[in-house]
Structure formats: structure tokens, C-alpha cells
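Here is how the chains run, residue by residue.
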Amino acid sequence: MKKFWGYVNNGKYSIGCTGQTVYLYDKDNNEIKKYKDIIYAYSPMFSPDGKIFIVKSTNGFLAVYSLESFALIKKIRYTKFGDDNGFCFSPDGQLFINIGCGEDVLHSAIYIYNTSDFSLANRIDIDNKMMVHYIEFDKNTNTYYVLGFVRGDDGVLKNGFVARFENQQINNMLLLSKEEYTFFRSYKSLEMLGFTEKKYQWTYIDYELHKLKSMNYTLANLYAQKKAE
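Residue positions are given per chain, counting from 1 as you read along its sequence in written order. Confidence filtering applies because this is a predicted model: local features only for residues at pLDDT of at least 70, side-chain atom pairs given and counted only at 80 or more, and all residues used for totals across whole chains, interfaces and linings. Where side-chain values are given, they derive from all heavy atoms of the structure, hydrogens and water being excluded.

Undergrad: Would you explain helix α4 (residues 219-228) in this entry?
TA: In an α-helix, one turn spans 3.6 residues, which is why side chains three or four residues apart end up on the same side. Residue exposure (1.4 Å probe, protein chains only): buried if accessible area is under 20% of the type maximum, exposed if over 50%, otherwise partly exposed. Elements are defined by DSSP. Helices are runs of H or I of four residues or more, strands are runs of E of two residues or more, and each kind is numbered from the N terminus. When α4 is considered as a whole, its buried residues turn out to be L219, A220, L222, Y223 and K226. What you see down the axis of α4 is that its buried residues fit within an arc of 160°, all on one side. By definition in these notes, contact holds between two residues if any of their heavy atoms fall within 4.5 Å. Contacts made by the buried residues of α4 are with β13 (130-138), β14 (143-151), β15 (157-166), β16 (169-176) and α1 (178-192). For this quantity, the arc is that covered by the directions from the helix axis to the C-beta atoms.

Listed below in C-alpha cells is the structure:
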């Protein structure tokens, strides 16, 4: 098996990303197909129904693939700026939510797509005093949560935050220390790529990889913890 930056498995298929090539394997690790539709492609994700998968590059592209025909469905240029932020599907799989750069690298935007045709349903531009990096849905609270940071008057990181994302707005923000934010951003970056050895070697986090894999930290749990403090 190659040393992938990103690698995920849903029990039926596996996806491995080297950056230049995306590999699709069956459950027995037989290569089905390889794709070279986008470069700097590191982050793969299966849809909830397992019918498609998406790969995100760090230079502003998304590639959507069918797990029925194994063909490229759509290639999307969502921004002209690169980023390595997170993304997720809605629990019913009807929406795909991607966090990326907005008008420039100092602004965040949340891009929401209809997965029926991957048309853009909405783009939410974030205030320039905030940067958003990760989003995930929690089944227990039926809520999306986001992780990001707030800038001080000098324009640099002042505090991290975790918040709820409801009605396509960021609500009920709870502040994190710089240390908390740095850890959770690194952890979520590693988790998004499947806790691969290659990504871990470039992740500055003071835990062994097997320990990180077992932590299962969610933004929902972080939010509940900060709210209780």
C-alpha cells in the first residue's frame, strides 16, 4: 500500500490520495481506478449513502466521483485561493458544505451545494474578524458545529472558538484559548485525512498517533465542555 496523505475506508471501498493522484480500491484492496483530475488533492470523503465520494484539493478545487460508474461527475472551482479547511455532508446527503477562502485568503466563506447536481445553493461570507476552518454534524444534538478563530485589533489570532452553525449562521460562539484552538485545529486536520502516518509526520501535536486515533474528539463534545465551564 502506498503512503497516502489522505486515506478513508467505508467498508466497501477505500480512497487514497497522494496529492497528484487519487486511488480507489475495493474491500480487498484491489485497485479499481486512479484519477488525476485535480492536483494537491489530499482530502477524501464518502457520501452518507456511499454512492459518491468527494476529494478536496488545497488549491481551490473539489472533484465529485460516482461509486456506481466510477466516473468523474463534476469538477468545481469554488475559489481562486488555496485552503485546507474542512467539509461535510448533511446527514441526509442532500447538501455538501465546504469551508474555503472567500474574497481573499484573509476571509472565510461557507459554500453549500445541492448534491443532486452540485449546483451552489448558497455562499456565506464570514466577517473579516473571524476565520472558520472545520465543520461537522452531530447526530445527538442534530446540529452542525464549526471551529475557527477570532482576530484581535492587530489582525492576528486572539482566541479560537467553537460555535453552532444553525439556519446558515454561526451562533452561540464559545471562546477557546490559543492552545486549545491550536490542538483542535491540528487534530481535525489529521482526522480529516484519516490519521495517516504521512500527515502525522507534518502535524505538530504532542501525542502518539495511536493515542490520537482513539481520542474521538468531536466539535459537539468540545462545545458542550466549554459551555459547562
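Anyway, onward from the coordinates.
Undergrad: I'm lost on the packing of aromatic side chains in this one. Help?
TA: Think of a pair of aromatic rings as described by two things: how far the centres are apart, and how the planes are tilted against each other in angle. Stacked, tilted and edge-to-face are the three classes assigned to paired rings of Phe, Tyr and Trp, where Trp is represented by its six-membered ring and a pair needs centres within 6.5 Å; plane angles under 30 degrees give stacked, over 60 edge-to-face, the rest tilted. Scanning the model with the defined rule gives 24 aromatic pairs in all. Ring centres 5.2 Å apart and planes at 90° place the aromatic pair F183 and F184 in the edge-to-face group. We classify F184 as buried; its relative accessible area is 9%. Their ring planes at 20° and their centres at 6.0 Å tell us that F183 and Y187 sit as a pair that is stacked. Separated by four residues within a single helix, F183 and Y187 lie in helix α1, roughly one turn from each other. Judged by relative accessible area, which is 17%, F183 ranks as buried. The exposure class assigned to Y187 is buried, which follows from its relative accessible area of 0%. Here a set of aromatic residues connected by ring pairs shows up, and it is made of F183, F184, Y187, F195, Y207 and Y217. The criterion for a charge sitting over a ring is simple: Lys NZ or Arg CZ within 6 Å of the ring centre, and within 35 degrees of the ring normal. Taking NZ or CZ as reference, K2 lies 4.4 Å from the ring centre of Y23, over its face. Taking the ring centre of F61 as reference, the NZ or CZ of K75 above it sits at 5.1 Å.

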